[in-house]
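Given next are the chains, with one letter for each unit.
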Amino acid sequence: MRDIWIGGAIRHGGSDLPPSSKHHRTRSHLRVGSTTTSADEEISITFSGKLSSFSGNLGNHGSSRRMKGLFKQKPRTPGEIVRQTRDLFALSESEDEIDVTRISRRLGVVAEMCRNIRDLKSILYGNSEAEPVPEACLSLTQEFFREDTLRPLIKSLPKLDLEARKDATQIVANLQKQQVGSRLVASEYLESNLDVIDSLVEGIDRDHELALHYTGMLKECVRHQVVAKYILESKNLEKFFDYVQLPYFDVATDASKIFRELLTRHKSTVSEYLAKNYEWFFAKYNTRLLEKGSYFTKRQASKLLGDVLMDRSNSGVMVKYVSSLDNLRIMMNLMREPTKNIQLEAFHVFKLFVANEEKPEDIVAILVANRIKILRLFAELKPEKEDLGFEADKVLVVNEIASLSLMDLRIADP
């Protein structure tokens, strides 16, 4: 008959026998063996902690919850999640060039990346049960930008599933607003890593499925003046003349929003850029967007142009633009478009030509020669909803055009 001992007490025929000298109780081991085996054949199961930490004996099923608690993984801190995610990015970018994506998926790396990204988003945005904790957001932000995490995150987007891509986009957008003390660490990071912006801009035209994620990230990044200035002064700006006309409406809409941010948010930067690059920029703007663009492009471009020119910081650029006969012709053609929305947007730019107190002679001549057609057009030009401001502007423009006279120009001419 086999004798079984547990914890040093031999169970034999239902009675406890004292342990032998060679079978002694250890501090943190539950030992299972038999009297017929040698000491070398004993099986030892080691627990983390002491058996005395259990309440009751091993046969007490009520202690199962406490036993499970011994094996529960310690919750990860925000910094640990960022570091682990960064390690997963590095693992997925193994130097092994033989189908890295397939190998990564087999190892579960991509699935773990997606879970970590979801956890990071929950920290920054909270969830249905709790609001975001400022201290946790601070810790996450510091670790995210302490080492290069944004670049591999962007590079890993193609590997992620759709939900993880959305989460990653929201994470990047949120981090642009997070402050450490009074510092926007995202702005500081991007200032030293502007090639990340190049990756986002170039990615917009690569893959429609990824383009919305790139534009979603970029929309928040251009809020930083250093980023907007970099795009304006680099070849990246020229790409947006194409991006706003992409055949994918959602991507083109996002690109238009970014383009507007670049030309309106940071006024001093925009004013300086337009003054230095006036000829190139407006030649491209007129030709690509106002003359050859689609309905959507022409409408958005006309509205943006009006907003840029009427900004006080761009007063010098405005005077130069409305002193050009070619620019006036473009606006007059837009007011002849069959769609009222384009006509209305063009009117808000056209009125600046008329209001210019130092109109060049060629512009006065065109306005006088087309006076009847312009006044007839304005008689029918009305927004769908009543707009008292528009009506007041129209009255001033009509009166000014009606009062123009070429005779006055000839008399004033020395």
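Just so you know, these numbers come straight off a predicted model, no measurement behind them.

Let's talk about the overall build of the chain
Here's step 1: For the chain, the count of helices and strands is 23 helices and 7 strands.
Here's step 2: Among the 414 residues that make up the chain, the fraction classed as buried is 43%.
Here's step 3: Relative to all contacts within the chain whose residues are 6 or more apart in sequence, the contacts with residues 24 or more apart total 66%.

Details of the nonpolar core
Within soluble globular proteins, side chains that are nonpolar tend to cluster in buried spots.
Here's step 1: In this structure, Leu218, Phe240, Phe259, Tyr321, Met331 and Phe350 are the most contacted members of the largest nonpolar core, which totals 106 residues.
Here's step 2: The greatest single-element share of this core, amounting to 9 residues, is contributed by helix α19 (residues 340–355).
Here's step 3: Residue contacts for methionine 331: discarding those within four places in its chain leaves Leu290, Leu305, Tyr321, Ala346, Val349, Phe350 and Phe353.

Points about the packing of aromatic side chains
Here's step 1: One pass over the structure, following the stated rule, counts 19 aromatic pairs.
Here's step 2: Taking 5.0 Å as the distance between ring centres and 65° as the angle between the ring planes, the aromatic pair formed by phenylalanine 347 and phenylalanine 390 counts as edge-to-face. Pair noted here: phenylalanine 347 is in helix α19 and phenylalanine 390 is in helix α22 (residues 388–403), with a separation of 43 residues, a long-range link. Of the two residues, phenylalanine 347 and phenylalanine 390, both sit in the buried class.
Here's step 3: What links up through ring pairs into an aromatic cluster is the set Phe240, Phe241, Tyr243, Phe259, Tyr273, Tyr278, Trp280, Phe281, Phe282, Tyr285, Tyr321 and Phe353.

Some thoughts on the confidence of the model for the chain
Here's step 1: Model confidence for the chain is summarised by a mean pLDDT of 83, while 77% of its residues fall at 70 or above.
Here's step 2: Ignoring residues within four places in sequence, the model shows residues 2–17, a span with pLDDT below 50, making 37 contacts including any to other chains.
Here's step 3: Between residues 19–59, whose pLDDT stays under 50, and residues either more than four places distant or in other chains, the model counts 47 contacts.

What about the side chain of threonine 85?
Here's step 1: The residue threonine 85 is located in helix α2 (residues 78–92) in this model.
Here's step 2: When its relative accessible area of 2% is taken as the criterion, threonine 85 is described as buried.
Here's step 3: The contact partners of threonine 85, leaving out residues within four places of it in the chain, are Asn116 and Leu120.

Quick notes on the packing of helix α4 (residues 109–125) against helix α5 (residues 134–146)
Here's step 1: The interhelical angle for the contact between α4 and α5, taken along N-to-C directions, is 130°, at an axis separation of 8 Å. In terms of their interaxial angle, α4 and α5 are classed as oblique. Note on element contacts: α5 touches α4 through Ala136, Cys137 and Leu140, opposite Leu120, Ile123 and Leu124.
Here's step 2: When its residues are assigned to classes, the contact of α4 with α5 shows 6 nonpolar, no polar and no charged.

Some details on helix α12 (residues 236–243)
Here's step 1: Every buried residue belonging to α12 is among Asn236, Leu237, Phe240, Phe241 and Tyr243, and all of these are buried.
Here's step 2: Buried residues belonging to α12 abut α9 (195–203), α10 (208–221), α11 (225–232), α13 (249–264), α14 (267–276) and α15 (278–291).

So, the pattern of salt bridges
Here's step 1: Inspection of the entire model under this criterion finds 28 salt bridges.
Here's step 2: When the shortest N-O distance is used, the salt bridge between glutamate 147 and arginine 86 registers 3.8 Å. Separated by 61 residues along the polypeptide, glutamate 147 in the loop between α5 and α6 (150–156) and arginine 86 in helix α2 bring together distant segments of the chain.
Here's step 3: A residue is classified by how much of its surface remains accessible, and arginine 86, at 11% relative accessible area, is buried.

Structural notes on the packing of α10 against α13
Two measures define how a pair of helices packs: the angle their axes make with one another and the distance between the axes.
Here's step 1: Interaxial distance between α10 and α13 falls to 10 Å at its minimum, and their mutual angle equals 20°. The angle between the axes of α10 and α13 places the two elements in the roughly parallel class. As for the relative orientation of α10 and α13, their crossing is left-handed in sense. On α13, the residues that touch His208, Ala211, Leu212, Thr215, Gly216, Leu218 and Lys219 of α10 are Asp250, Val251, Asp254, Lys257 and Ile258.
Here's step 2: Looking at side-chain class alone, the contact of α10 with α13 contains 5 nonpolar, 3 polar and 4 charged residues.

Some points on α11
Here's step 1: Among the residues making up α11, those that are buried are Val227, Ala228, Ile231 and Leu232. The buried residues of α11 all sit within an arc of 130° when viewed along its axis, so they share a single face.
Here's step 2: The inward-facing, buried residues of α11 abut α8 (185–192), α9, α10, α12, α13 and α14.

A word on the environment of glutamine 178
Here's step 1: If you trace the backbone, glutamine 178 turns up in the loop between α7 (162–175) and β6 (179–180).
Here's step 2: Using a relative accessible area of 18% as the deciding quantity, one classes glutamine 178 as buried.
Here's step 3: If near-sequence neighbours (up to four positions away) are discounted, glutamine 178 is found in contact with Leu124, Cys137, Thr141, Arg183, Leu184 and Val185.
Here's step 4: Reaching out from glutamine 178, the side chain makes a polar contact with the side chain of asparagine 174 at a distance of 2.8 Å.

Notes on the side chain of serine 302
Here's step 1: Along the chain, serine 302 falls in helix α16 (residues 295–309).
Here's step 2: The contact partners of serine 302, leaving out residues within four places of it in the chain, are Leu290, Leu334, Glu345, Ala346 and Val349.

Observations regarding the environment of glutamate 188
Here's step 1: For glutamate 188, the location among the structural elements is in helix α8.
Here's step 2: As for glutamate 188 and phenylalanine 145, which are separated by 43 residues in sequence, their C-alpha atoms are 9.3 Å apart.

Criteria and cut-off values
Residues numbered from 1 in each chain as written. Predicted model: local features only at pLDDT ≥ 70, side-chain atom pairs only at ≥ 80, totals over all residues. Heavy atoms only, no water. Helix = DSSP H or I, 4+ residues; strand = E, 2+ residues; numbered from the N terminus. Buried < 20%, exposed > 50% of the residue type's maximum accessible area, 1.4 Å probe, protein only. Contact = heavy atoms within 4.5 Å. Core = buried A, V, L, I, M, F, W, Y, C linked by side-chain atoms within 4.5 Å. Phe/Tyr/Trp six-rings, centres within 6.5 Å; stacked < 30°, edge-to-face > 60°. pLDDT = per-residue confidence, 0-100. Axes fitted to C-alpha atoms, helices over the stretch in contact; angles between N-to-C directions. Parallel < 35°, antiparallel > 145°, perpendicular 65-115°, else oblique. Nonpolar A, V, L, I, M, F, W, Y, C, P; charged D, E, K, R; others polar. Salt bridge = Lys/Arg side-chain N within 4 Å of Asp/Glu carboxyl O. Left-handed = near helix turned anticlockwise from the far one by under 90°. Arc of directions from axis to C-beta. Polar contact = N/O pair within 3.5 Å; in protein donor to acceptor, adjacent residues only side chain to side chain.

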